[in-house]
There are 2 protein chains.
Amino acid sequence: MEFDGYLGTDERDWEATADGTLRVAIVGLGWWSRERVLPALANLENCTATVGVSGSSAKRERAVADWPSVEHGLSYDEFAAGEAVDAYDAVYVCTPNALHLPHVETAAEFGKAVLCEKPMEASVERAERLVAACEDVPLMVGYRMQTDRAARSVRQLVREGVVGDPVTVHGHMSQPIAEMFDDPSHWRLDPDLAGPGASVTDLGVYPINTSRFVLDADPEAVTAATWSGGGEWFERVPDERAGFQLAFPDGVTALCSVSQNAYKTAEFRVVGTAGEIRMRPGFFGAQENELFLSTPAGETSVTYEPADQMRELFCFFADRVLGEKAIPADGEHGLVDMRVVEAVYDAAEDGTRHQF
Amino acid sequence: MEFDGYLGTDERDWEATADGTLRVAIVGLGWWSRERVLPALANLENCTATVGVSGSSAKRERAVADWPSVEHGLSYDEFAAGEAVDAYDAVYVCTPNALHLPHVETAAEFGKAVLCEKPMEASVERAERLVAACEDVPLMVGYRMQTDRAARSVRQLVREGVVGDPVTVHGHMSQPIAEMFDDPSHWRLDPDLAGPGASVTDLGVYPINTSRFVLDADPEAVTAATWSGGGEWFERVPDERAGFQLAFPDGVTALCSVSQNAYKTAEFRVVGTAGEIRMRPGFFGAQENELFLSTPAGETSVTYEPADQMRELFCFFADRVLGEKAIPADGEHGLVDMRVVEAVYDAAEDGTRHQF
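Worth saying up front: this structure is predicted, and the values here are computed from it rather than measured. Each chain carries its own residue numbering, running from 1 in the written order of its sequence. Each chain gets a letter, beginning with A, and each ligand a number, beginning with 1, in the order they are written. Local features are withheld for residues below a pLDDT of 70 in this predicted model, meaning they are given only at 70 or higher, and side-chain atom pairs are given and counted only at 80 or more; totals for whole chains, interfaces and linings count all residues. Only heavy atoms go into the side-chain values, all of them from the structure, while hydrogens and water stay out.

Asker: Any chance you could break down the domain arrangement of chain A for me, citing the residues and the numbers?
Answerer: All names here are of chain A. Each domain's limits were defined by an automated method or a database of domain assignments. According to the domain assignment, chain A contains domain 1 (22-142) and domain 2 (145-308 + 329-355). The C-alpha-based centres of domain 1 and domain 2 are spaced at 26 Å. Whether two residues are in contact is decided by their heavy atoms, any of which lying within 4.5 Å being enough. Contacts between the two partners involve 21 residues from domain 1 and, on the opposite side, 23 residues from domain 2. Buried area is a sum: the accessible area each of two parts loses on coming together, probed at 1.4 Å, counted once for each and added. Both faces considered, domain 1 and domain 2 share a buried interface measuring about 1,800 Å² in area, 66% of it formed by carbon and sulfur atoms.

Here it is, written out as structure tokens:
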């Protein structure tokens, strides 16, 4: 089979066309910003990090010392007070979920474009306030799968009907969080900072949003179950593990599972009336990504080299803002995920199907 | 990695030790019996088909003509009347689901061992009567995955803790039934003959029972959704497609999907705390079966040559009956599946979680 147009390339299927360079303030200098974002931005022409914001003086000083483009290291108070406000055009918010809102409000007050990590906030209500705050500035939610080459190929294959009408999606993402962080007080396991749980909020958004992206549709209903076995890492959250089923229009079902306490693996699979697509591992950035396509004509696969997903995400964001182009993953788009996440917890709690 | 003890062989991990040959009456001579069962039995030493029972004189005459071991072709009335009753020791029931009960009752009255296709019957109530009828004769339900070499390897890997504690199971099975049979009046699409639906009853039992077999546990609760798009093939059943989520003990979730109107594909996957096992396609007999094992030590896979699943099933059944050994997939075991299938339809209908 020849499906090069869909999956036989590592090249982008979109082009950054806007002139200029977007200067970004990085708000929150945790490991993700330090290890994934700042290195990615150092390799971009249309986007650069000029400001680092952190509650830790050591972290912000280090950001200025390590990255030539970063000229200012600000505390959160300094950021809120407008210090160095002319040094950046946009704000990337990568703090714990429950702290997104005030930083986004600050950015919007200063007229800055916002790239906000997902999930947008710790509750639907706070996410709605976040969206409202950005009424007059561009807001994009950081769904890195939407600019991932393999995920875009999956969407393209589905769109073009290569696997017929989509029938069923399976999505899974799990990792052993206790091996990734120092101690159980980590914010992703703290409902006050992460939202209602640990696995659906942090990992569930990958199968949820990728299903929406690939199917080009939003869920109509959800059923779910969550489980925590206790132990000090998971005693504060209901979802050491979670499984949930999303009903999309036209009878398409997405069956998703996530866990913060399982083997690190992920897969996204679409079965249609005329074929099957599998992406492995998909949701984990910075590693090889395999895409398998099976139709009555035979099977083919392609291996995507480890992609710098954050580079792609920021390049796309910068191009959208600089070119004043429409933003697909905008606030309203992100709110749908927030409502789905909330419904997953509610449906797990009361055992009923939640309709949207 | 070296996991030869689990998956590096096509050899059985059990042994047929009983003496003698079990003579079987094949009740129902549809395509499954003709193409999958009679050829399989021709290759066995401990089991042989001596009688063929069918409502079609052409089919039963053909069975006698084509297979030297088949000495008698009986109508259903002749079978019920005890004709040639000394020519067989056991009965294999492979009629439409809703017709299993009377044939099993006949077999039990004659003191014959029973191998009954799954699902056992069209309703829980009839299946319970079926089990009660077999109080004094051996009864086995025909779960061919339980004697499938790859599925047994999956179970062994889970049992030995090679992937840690199981966390999540994904199971999928789909096929385009309209391409497999002549017309929409086929019995699998007729609730009067098949039971409450077409996909969960016929295909759903594969992920349900294989999950039970591999996890060595029974579900405690189920949520589900079904969908039919109409069209003459699926206007009588609710489940052209179905998705359901089974809650097993200790927070293990099985997310399953089935469809009689989708691309032919199947997969069974177990994610544990310390690894992942995938079996593809697993549920379809007579084709290559791949098993993938992934742990922190690396990835390995093995390809099982196309297995004659019905040969293995009958060999196991014959050995159990001839040796008067315990039967794992007995009536009570089969009843659990029947209750799960019924709960899937009920949960899909009312949108609530059904507890067992």
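Asker: Summarise the UniProt feature "domain: GFO/IDH/MocA-like oxidoreductase" (unreviewed entry) in chain A; cite the residues concerned and give the values.
Answerer: UniProt positions are given in the numbering used here, feature names are shortened, and annotations may be inferred rather than shown by experiment. UniProt feature "domain: GFO/IDH/MocA-like oxidoreductase" (unreviewed entry): in the numbering of this structure it lies at residues 152-278 of chain A. The secondary structure listing takes helices from DSSP runs of H or I that are at least 4 residues long and strands from runs of E that are at least 2 residues long, numbered from the N terminus. Secondary structure over residues 152-278 of chain A splits into 26% helix and 39% strand, and the C-alpha atoms at its two ends are 13 Å apart.

Asker: Kindly report on unusual backbone geometry, identifying the contributing residues and their values.
Answerer: In the segment running from K118 of chain A into P119 of chain A, the intervening peptide bond is cis, with an omega of -10°. Tracing the sequence through the fold places P119 of chain A in the loop between strand 5 (113-116) and helix 6 (124-133). Non-glycine residue D216 of chain B carries a positive phi angle of around 55°. By secondary structure assignment, the location of D216 of chain B is in the loop between helix 9 (199-215) and strand 8 (221-227). Only protein chains enter the area calculation, which uses a 1.4 Å probe; residues under 20% of their type maximum are buried, those over 50% are exposed, and those in between are partly exposed. For D216 of chain B, a relative accessible area of 58% gives the class exposed.

Asker: An account of the interface of chain B and chain A is needed here, citing residue identities and associated values.
Answerer: Across the contact, 45 residues belong to chain B and 45 residues belong to chain A. Both sides of the chain B and chain A interface together cover about 3,300 Å² of buried area, and 50% of this is carbon and sulfur. Looking at the side of chain B facing chain A, the largest losses of area belong to R241, Y263 and R353 of chain B, adding up to 21% of the total buried there. Here, a salt bridge means any Lys or Arg side-chain nitrogen found within 4 Å of an Asp or Glu carboxyl oxygen. Applying the counting criterion to the chain B and chain A interface returns 2 salt bridges. A salt bridge links R280 of chain A to E276 of chain B; its shortest N-O distance comes to 3.1 Å. Distance and chemistry together define a polar contact, namely a pair of N or O atoms within 3.5 Å, with one atom able to donate a hydrogen and the other to accept it when in protein, and with adjacent residues in sequence counting only for side-chain atoms on both sides. Linking chain B with chain A are 27 residue pairs in polar contact (both at pLDDT 80 or more), by the criterion used here. Residue assignment for the side of chain B that touches chain A shows that the elements contributing at least two residues are strand 7 (166-176), strand 8, strand 9 (241-248), strand 10 (252-259), strand 11 (261-272), strand 12 (276-280), strand 13 (289-295) and helix 11 (331-350) of chain B. Side-chain classes are defined by residue name, with Ala, Val, Leu, Ile, Met, Phe, Trp, Tyr, Cys and Pro counting as nonpolar, Asp, Glu, Lys and Arg as charged, and the others, Gly among them, as polar. Here the residues of the side of chain B that touches chain A are counted per class, giving 16 nonpolar, 21 polar and 8 charged.

Asker: A description of the pattern of salt bridges should follow, citing residues and the corresponding values.
Answerer: All told, the structure shown has 36 salt bridges over all chains when counted by the stated rule. Where E125 of chain A meets R129 of chain A, a salt bridge forms, and the shortest distance between an N and an O atom there is 3.5 Å. Of this pair, E125 of chain A and R129 of chain A both sit in helix 6, 4 residues apart, which is roughly one turn of the helix. Relative accessible area serves as the criterion here: at 43%, E125 of chain A is assigned to the partly exposed category. Two residues, E276 of chain B and R269 of chain B, come together in a salt bridge whose shortest N-O distance is 3.3 Å. In this structure, E276 of chain B and R269 of chain B share a single accessibility class: buried.

Asker: Got a sec to walk through the pairing of strand 4 (residues 90-93) of chain B? Specific residues and values, please.
Answerer: Residues and elements named next belong to chain B. What you see with strand 4 is no split at all: A90 and Y92 on one side and V91 and V93 on the other are buried throughout. By the convention used here, strands pair only if DSSP detects at least 2 bridges between them. Alignment of strand 1 (residues 22-27) against strand 4, held across 4 bridges, turns out to be parallel. Paired with V24 across the strands is A90, a residue of strand 4. The pairing of strand 4 with strand 5 (residues 113-116) spans 4 bridges and is classified as parallel. By the bridge assignment for strand 5, Y92 is matched with L115. By the criterion used throughout, a crossover qualifies as right-handed when its path from the first strand across the helix to the second strand runs clockwise, the strands pointing away from the viewer. Handedness of the β-α-β unit built from strand 4, helix 5 (residues 100-109) and strand 5 comes out right-handed.

Asker: Summarise the environment of D77 of chain B; cite the residues concerned and give the values.
Answerer: With respect to the secondary-structure elements, D77 of chain B resides in helix 4 (residues 76-80). Taking the C-alpha atoms as reference points, D77 of chain B and V53 of chain B, separated by 24 residues in sequence, lie 9.4 Å from one another.

Asker: Go over the state of the cysteines, please, and point to the residues and values.
Answerer: Note that a disulfide, as used here, is simply two cysteine sulfur atoms within 2.5 Å. Going through the model one piece at a time under the given rule, you end up with 0 disulfides over all chains. Of all cysteine sulfurs in the structure, the one in C256 of chain B sits closest to C256 of chain A, which takes part in no disulfide; the separation is 14 Å.

Asker: Account for the sheet that holds strand 1 of chain B, with residues named and values stated.
Answerer: Strands belonging to one sheet form pairs held by backbone hydrogen bonds; the direction of such a pair is parallel or antiparallel. Residues and elements named next belong to chain B. On the basis of which strands lie adjacent, the open sheet formed by 6 strands has the order 3-2-1-4-5-6 and parallel pairing. Of all the strands in the sheet, the pair left with one neighbour each is strand 3 (72-74) and strand 6 (139-141). Going across the sheet, the axis of each strand differs from the next one's by a mean of 25°, ignoring polarity. Here an axis means a line fitted to C-alpha atoms, over the contact stretch when the element is a helix, while the angle between two N-to-C directions is reported on a 0 to 180 degree scale.

Asker: Hey, could you go over the relation of the copies chain B and chain A for me, with residue numbers and the actual values?
Answerer: Once chain B has been moved 0.0 Å along the axis and rotated by 180°, it coincides with chain A to within an RMSD of 0.0 Å. The transformation relating the two chain copies, once decomposed into turn and shift, fits a two-fold axis. Using C-alpha coordinates, one finds that chain B approaches the rotation axis most closely at T352 of chain B, a distance of 2.1 Å. Both copies contact each other with a shared surface, as 100% of the interface residues of chain B are interface residues in chain A too. Least squares is used to superpose the copies, and the fit set is the C-alpha atoms of residues whose pLDDT is at least 70 in both copies.

Asker: Please give an account of the packing of aromatic side chains that cites residues and values.
Answerer: Residue and element names in this part refer to chain A. Paired rings are identified among Phe, Tyr and Trp, the last through its six-membered ring, by centres lying within 6.5 Å, and are further divided according to the angle between planes into stacked (under 30 degrees), edge-to-face (over 60) and tilted (the rest). As enumerated under the stated definition, the model contains 14 aromatic pairs over all chains in all. Each ring, one from F268 and one from F283, has its centre 6.0 Å from the other, and the planes form 70°; the classification is edge-to-face. Note that F268 is positioned in strand 11 (residues 261-272) and F283 in the loop between strand 12 (276-280) and strand 13 (289-295), a separation of 15 residues in sequence. Here the aromatic cluster, defined as three or more aromatic residues joined through ring pairs, consists of W31, W32 and F181. Taking NZ or CZ as reference, K112 lies 4.8 Å from the ring centre of Y88, over its face. Above the ring of F292, the side-chain terminus of R278 is found at 4.4 Å from the ring centroid. Sitting over a ring, as applied to charges here, requires NZ of Lys or CZ of Arg to be within 6 Å of the ring centre and within 35 degrees of the ring normal.

Asker: Help me get a handle on the confidence of the model for chain A, residues and values and all.
Answerer: In this model, chain A carries an average pLDDT of 95, and 97% of its residues clear a pLDDT of 70 or more. Of the two predicted TM-score estimates for the complex, the pTM is 0.96 and the ipTM is 0.95. pLDDT expresses how confident the predictor is about each individual residue, on a scale running from 0 to 100.

Asker: Could you give an account of the sheet that holds strand 13 of chain A, with specific residues and numbers?
Answerer: All names here are of chain A. Strand order in this open sheet of 9 strands is 14-13-12-11-7-10-9-8-15, and the pairing throughout is mixed. Sheet topology places strand 14 (298-304) and strand 15 (354-355) at the edges, where each strand pairs with a single neighbour. Inspection of the sheet shows strand 9 (residues 241-248) paired to strand 10 (residues 252-259) by 8 bridges, in the antiparallel sense. The partner of A242 across the bridge, within strand 10, is V258. Relative to the sheet, helix 10 (residues 199-215) contacts strand 7 (166-176), strand 9, strand 10, strand 11 and strand 12, its axis offset from that of strand 10 by approximately 155°. Strands in contact with helix 12 (residues 331-350) are strand 8 (221-227), strand 9 and strand 15; relative to strand 8, the strand with the most contacts, it is inclined by about 65°.

Asker: Tell me what's going on with helix 7 (residues 149-159) of chain B, and back it up with residues and numbers.
Answerer: Residues and elements named next belong to chain B. Across the 11 residues of helix 7, 9 count as buried, placing the element largely inside the fold. For helix 7, every residue scored as buried is listed here: R149, A150, A151, R152, S153, V154, R155, L157 and V158. Capping the start of helix 7, D148 holds a side-chain oxygen 3.1 Å from the backbone nitrogen of A150, two or three residues further along. Just downstream of helix 7 lies G161, where phi reads positive at about 75°.

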